[in-house]
Amino acid sequence: MDKQIQLQFENVEGRTVTISLDDPIEPVDQETVRAAMDTIISEGAIASTRGDLVAKKSARIVGRTVEMVDISE
């Protein structure tokens with residue numbers, strides 16, 4: 001299963017900006033995620049086309065399962 005951690009922020013316009021990172025370390029350390037998000041905001045590390053990131057909204061792990069179908073004859 002492919003997994004990502006999605007960090008969701010609010011920008012100055014009140015819109016949600018999502019940053020997705022592949023293969024998160026599990027179990028996820030909530031305090032580390034909070035600290036990383038705070039650093040991203042305080043240092044302006046990520047540019048948003050609609051303005052600066054100003055607040056944390058959420059973080060979530062998203063998984064996707066891919067199952068191949070044999071179509072050979």
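Higher on the page you've got the structure.
Quick summary incoming for the structure in this document. (Residues numbered from 1 in each chain as written. Predicted model: local features only at pLDDT ≥ 70, side-chain atom pairs only at ≥ 80, totals over all residues. Heavy atoms only, no water.)

1. Comments concerning the overall build of the chain
Here's step 1: Of the regular secondary structure elements, the chain holds 1 helix and 3 strands.
Here's step 2: Sequence-ordered secondary structure for the chain, helices as α and strands as β, is β-β-α-β.
Here's step 3: Here the chain has a C-alpha radius of gyration of 16 Å; the compact-globule value for 73 residues is 11 Å, and the former is much larger.
Here's step 4: Once the C-alpha set of the chain is aligned to its principal axes, its extents read approximately 55 × 30 × 15 Å.
Here's step 5: The buried share of the chain, reckoned over its 73 residues, is 19%.
Here's step 6: Here the contacts in the chain between residues at least 6 apart in sequence split such that 60% fall between residues at least 24 apart.
Here's step 7: With 8 positive and 14 negative side-chain charges, the chain shows a separation of 9 Å between the mean positions of the two kinds. (Helix = DSSP H or I, 4+ residues; strand = E, 2+ residues; numbered from the N terminus. Rg over C-alpha atoms; globule rule 2.2 N^0.38 Å. Buried < 20%, exposed > 50% of the residue type's maximum accessible area, 1.4 Å probe, protein only. Contact = heavy atoms within 4.5 Å. Lys, Arg positive; Asp, Glu negative; His and termini not counted. Charge placed at Lys NZ, Arg CZ, Asp CG, Glu CD.)

2. Let's talk about helix α1 (residues 30-43)
Here's step 1: Spanning 14 residues, α1 covers 20 Å between terminal C-alpha atoms, matching the ideal 20 Å at 1.5 Å per step.
Here's step 2: Within α1 the residues assigned to the buried category are Val33, Met37 and Ile40. For α1, the angular spread of buried residues about the axis comes to 60 degrees, placing them on one side. Opposite the packed face of α1, turned more than 90 degrees from it, sit the exposed residues Glu31, Ser42 and Glu43.
Here's step 3: The inward-facing, buried residues of α1 contact β1 (2-11) and β3 (53-64).
Here's step 4: Sitting at the amino-terminal end of α1 is aspartate 29, which places a side-chain oxygen 3.0 Å from the backbone nitrogen of glutamate 31.
Here's step 5: After α1 finishes, the residue glycine 44 shows a positive phi value of roughly 60 degrees. (Expected span 1.5 Å × (residues − 1). Arc of directions from axis to C-beta. Polar contact = N/O pair within 3.5 Å; in protein donor to acceptor, adjacent residues only side chain to side chain.)

3. A word on unusual backbone geometry
Here's step 1: Following glutamate 26, the chain continues to proline 27 via a peptide bond in cis, the omega torsion being 0 degrees.
Here's step 2: Inspection of the secondary structure puts proline 27 in the loop between β2 (16-22) and α1.
Here's step 3: Phi is positive for aspartate 23, close to 50 degrees, though the residue is something other than glycine.
Here's step 4: Mapped onto the elements, aspartate 23 comes out in the loop between β2 and α1.
Here's step 5: What makes aspartate 23 exposed here is its relative accessible area of 64%.

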